[in-house]
Every structure is written in structure tokens, then in C-alpha cells.
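Observations on chain architecture
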Amino acid sequence: MLTLPDKAVIACVHLPPTPGSPGYDGRIDHIYDSALRDAEVFLRHGVDALIVENFRDAPFHPDTVPVETAATVAGVTREVVRMSTVPTGVAVLRNDASAALAIATATGAHFIRVNVHVGAVLSEQGLLTGRSHETLRLRRALGSDVAIFADARVKHSQPFVYQDLATEVRDLSQRADGIIVSGELTGLETSPQDLLTARGATAGPLLVGSGVTPGNLASVYEHADGFIVGSHFKVDGVPGNPVDESRVAGLMERVRALRDAAGAHSGVTRA
């Protein structure tokens, strides 16, 4: 069962390039060491969850990733799960939900992020289509309790099916355990209006997927149940850079201050 506190901060563990990707440098131990080092920094400053992503494998495969990618993400995820004191998730980019679900189930992880779970979008990888019919059946076949967090109007894309955000959120709410709303690109601020629109279309968990900083957190805090943070935690806020511990500490201090002001209570739960 996945249980996250209300206003949970989910920190992205961005892996160095994995075997087979253009940037891979042949140092498999470096991938493990980097992931565990970043996870330790996040945990030391009190994040509520981690999510392992093959973020530096760009350019991404649009859907099914090669076996070497899945194997590496699985191996690293298991190590992160073993050392972590908080729930751990998996995202296999760009949109391999089946691999993510299988990895999470096999490694004891707790949730996955799926970029396109319903509908279809045009992206830099070409056409991405939702395969919720496969993912949900796979979860049932595996007897898995891994939660599915799915993006609505996912970044780096243009929608083919859902021109209206509220309609997409309503459909996603029938097929996912939580909804993610992001800015247009990695690291860009999520529109407070988009968040309000999504909040009005779902009673389930709603996460901000990009652009959170100490400066803008208050503008999205009320209507979100949690925040996925990647770019802000990096040196100079650049997503490809190493983790900057001072940025992690600063954001978590801001979150704690807002929690103290509002009063914390239980938030995201999946039985």
C-alpha cells in the first residue's frame, strides 16, 4: 500500500546515461553510485518519496525501451528501495509504462509515473499513445499494488485527443491513482490555472509535476496534494546538472513552513 503525507515532496533521482544510450560512458558503477548519493541527500533533508528515472538517456525511445535500459533501471531501483526510508517510484522514459510497472513490482517500489496513459500526443519522439488498457491488465495479472500516477497534458507535447484539460483529467481519474499536471517543458512552472482546472475535475490525488521553487510554491500549495521536484534541486536549477544540496534544504524548509502554517494531514493513499 502506498501512503504519502499531504503536500508530499517527491524528489527525482535522475540516472546518468544508461547502457545503450548515446551518453553512456561505460561506467556502470557510476550509475549506481550517483543514484544512491542523490537519494541519500534527498532523504537527509526529509523528502517524502523518491522516483528513479532514466532522465539522461535522451533522445528517448518513444515507448518500449531496450532490455539493457530496463535491466539497469531495475537494478538501480532495487538498490534505492533497499536503502530508502520513504516510498520509491519508477519512470521509464519516454513512455514505457509496462517496463516501469514490471520494474516497480519486481523491486518492491511503490508507484510509477506514466507520461501518456490515455489519448495520444505529438512529441519530439513522434506519436505517443496511451496504453492504459495494457498497463491496468498487466497490474492485475502481476497481482501488483503499485500505484499509477499519470500526466495530464504532459510536457514536451501537443495533444491529439484531449484539447480540454478537464476532460483529460476526468478520463485519467478512471484509469490512474493520481494525476500530474506540469508546465510545458521540463523545469517550467506549472500554471496555477491549470492546477485549478484539474482540481475541479478530480477528487483524487493531484500532483504538480514541474517548476516548483521556494518562490512559487505558495501559489500552487493549496490545490495540490504533492510536488515532483527535479530541476530545482540541481546546480543553478539546470536539470542536467548535479544535485545541489543547498537547494534541497531550502525547498524543504519552505515546505515545512507552509505545512506548519496549514496543519499537516494524511494525503495520497492507495490500498
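The notes below deal with the structure included here. (Residues numbered from 1 in each chain as written. Predicted model: local features only at pLDDT ≥ 70, side-chain atom pairs only at ≥ 80, totals over all residues. Heavy atoms only, no water.)

1. What to know about the overall build of the protein
For the record, the criterion: By the criteria applied, helices consist of DSSP H or I runs no shorter than four residues and strands consist of E runs no shorter than two, each listed in order from the N terminus. Computation of the radius of gyration draws on C-alpha atoms alone. For the globule rule, the value is 2.2 Å times the number of residues to the power 0.38. Partly exposed describes any residue whose relative accessible area lies between the buried limit of under 20% and the exposed limit of over 50%, with all areas from a 1.4 Å probe on protein chains only and scaled to the type maximum. Each accessible area is a Shrake-Rupley result for a 1.4 Å probe, and residues are judged covered by the shown protein chains and nothing else. Think of it this way: Lys and Arg go in the positive column, Asp and Glu in the negative one, and His and the chain ends go nowhere. Note on charges: their place is set at NZ of Lys, CZ of Arg, CG of Asp or CD of Glu.
If you tally the helices and strands in the protein, you get eight helices and 13 strands. For 271 residues, the compact-globule estimate of 2.2 N^0.38 gives 18 Å, and the C-alpha radius of gyration of the protein, at 17 Å, lies within 12% of that figure. Referenced to the eigenvectors of the C-alpha coordinate spread, the extents of the protein come out at roughly 45 × 40 × 35 Å. Expressed as a percentage of its 271 residues, the buried residues of the protein come to 54%. For the protein, the accessible area works out to roughly 11200 Å², and carbon and sulfur atoms hold 52% of it. Averaged over its 24 positive side-chain charges, the protein has a centre that lies 4 Å from the centre of its 31 negative ones.

2. Here we look at the pairing of strand S5 (residues 111-114)
What counts is decided by this rule: Paired strands are those between which DSSP finds at least two bridges. Place the viewer so that the strands point away; then a crossover is right-handed whenever the path from the first strand over the helix to the second strand goes clockwise.
Because side chains alternate across S5, one face comprises the buried residues Phe111 and Arg113, and the other comprises Ile112 and Val114, equally buried. Two elements, strand S4 (residues 88-91) and S5, share two bridges in a ladder whose sense is parallel. Directly across from Gly89, in S5, lies its bridge partner Phe111. Once the chain exits S4 it traverses helix H3 (residues 97-107) before rejoining the sheet at S5, and the crossover so formed is right-handed. Two elements, S5 and strand S8 (residues 147-152), share four bridges in a ladder whose sense is parallel. Following the sheet pairing, Phe111 is matched in S8 by Ala147.

3. Describing the environment of Ser123
What counts is decided by this rule: Counting of polar contacts relies on pairs of N or O atoms within 3.5 Å, with two restrictions inside protein: one atom must be capable of donating a hydrogen and the other of accepting it, and residues adjacent in sequence are counted only when both atoms are side-chain atoms.
Tracing the backbone through its elements, the reader meets Ser123 in strand S6 (residues 120-123). Spatially, the C-alpha atoms of Ser123 and Asp260 are 40 Å apart, while their sequence positions differ by 137 residues. Only 3.1 Å separates the side chain of Ser123 from the backbone nitrogen of Gln125, close enough to count as a polar contact.

4. Looking at unusual backbone geometry
Cis geometry is found at the peptide bond from Ala58 to Pro59, where omega equals 0°. For Pro59, the position within the fold is in the loop between strand S3 (49-53) and helix H2 (67-83). A cis amide bond links Leu93 to the next residue, Arg94, at an omega of 10°. The topology assignment puts Arg94 in the loop between S4 and H3. With a phi close to 60°, Asp236 is a non-glycine residue in the positive phi region.

5. Description of the packing of aromatic side chains
Our working rule: Any pair of Phe, Tyr and Trp rings, taking the six-membered ring for Trp, is counted once the centres come within 6.5 Å. Such a pair is stacked with planes under 30 degrees apart, edge-to-face with planes over 60 apart, and tilted for the rest. Consider the ring centre and the ring normal. A charge sits over the ring if Lys NZ or Arg CZ is within 6 Å of that centre and within 35 degrees of that normal.
Per the counting criterion, the structure on display carries three aromatic pairs. Look at Phe111 and Phe149: their rings are 5.2 Å apart centre to centre, the planes differ by 35°, and that puts the pair in the tilted class. Within this pair, whereas Phe111 is found in strand S5, its partner Phe149 is found in strand S8, the two being separated by 38 residues in sequence. Phe149 shares its class with Phe111; the two are buried. Summarising the aromatic geometry, the rings of Tyr221 and Phe227 are spaced 6.0 Å apart at their centres and angled 15° between planes, so their arrangement reads as stacked. For the pair Tyr221 and Phe227, a shared accessibility class is recorded, and that class is buried. The aromatic ring of Tyr221 is capped on one face by Lys7, whose charged end is 4.9 Å from the ring centroid.

6. Some words on the sheet that holds S8
Defined as follows: Here an axis means a line fitted to C-alpha atoms, over the contact stretch when the element is a helix, while the angle between two N-to-C directions is reported on a 0 to 180 degree scale.
Read around the closed barrel, the eight strands follow the order S2-S3-S4-S5-S8-S10-S11-S12; overall the barrel is parallel. In this sheet, neighbouring strand axes are inclined to one another by 25° on average, regardless of whether the strands run parallel or antiparallel. Note that strand S10 (residues 178-181) and strand S11 (residues 206-208) share three bridges and pair parallel. Directly across from Ile179, in S11, lies its bridge partner Leu206.

7. Observations concerning the side chain of His117
Heads up, the rule is: The contact criterion used is simple: two residues touch if any of their non-hydrogen atoms lie within 4.5 Å.
Structurally, the position occupied by His117 is in the loop between S5 and S6. For His117, the side chain forms a polar contact with the main-chain oxygen of Arg175, separated by 2.8 Å. Setting aside anything within four residues of it in sequence, one finds His117 in contact with Gly130, Arg131, Ser132, Thr135, Ile148, Ala150, Leu172, Arg175 and Ala176.

8. Some details on the side chain of His45
Note on placement: His45 falls in the loop between helix H1 (28-44) and S3. For His45, the side chain forms a polar contact with the side chain of Glu245, separated by 2.7 Å. With sequence-adjacent residues up to four places away left out, His45 is seen in contact with Glu245, Val248, Ala249, Met252 and Arg256.

9. Considering a nonpolar patch on the surface
Threshold: Here, patches come from residues exposed beyond 30% relative accessible area and free of salt bridges, joined within 9 Å for like charges and within 5 Å for nonpolar side chains (Val, Leu, Ile, Met, Phe, Trp, Tyr). Put simply, a salt bridge is a Lys or Arg side-chain nitrogen that is within 4 Å of an Asp or Glu carboxyl oxygen.
A contiguous nonpolar surface patch, about 390 Å² in accessible area, is contributed by Leu122, Leu127, Phe160 and Val161. Among the structural elements, Phe160 can be located in the loop between strand S9 (157-159) and helix H5 (165-173).

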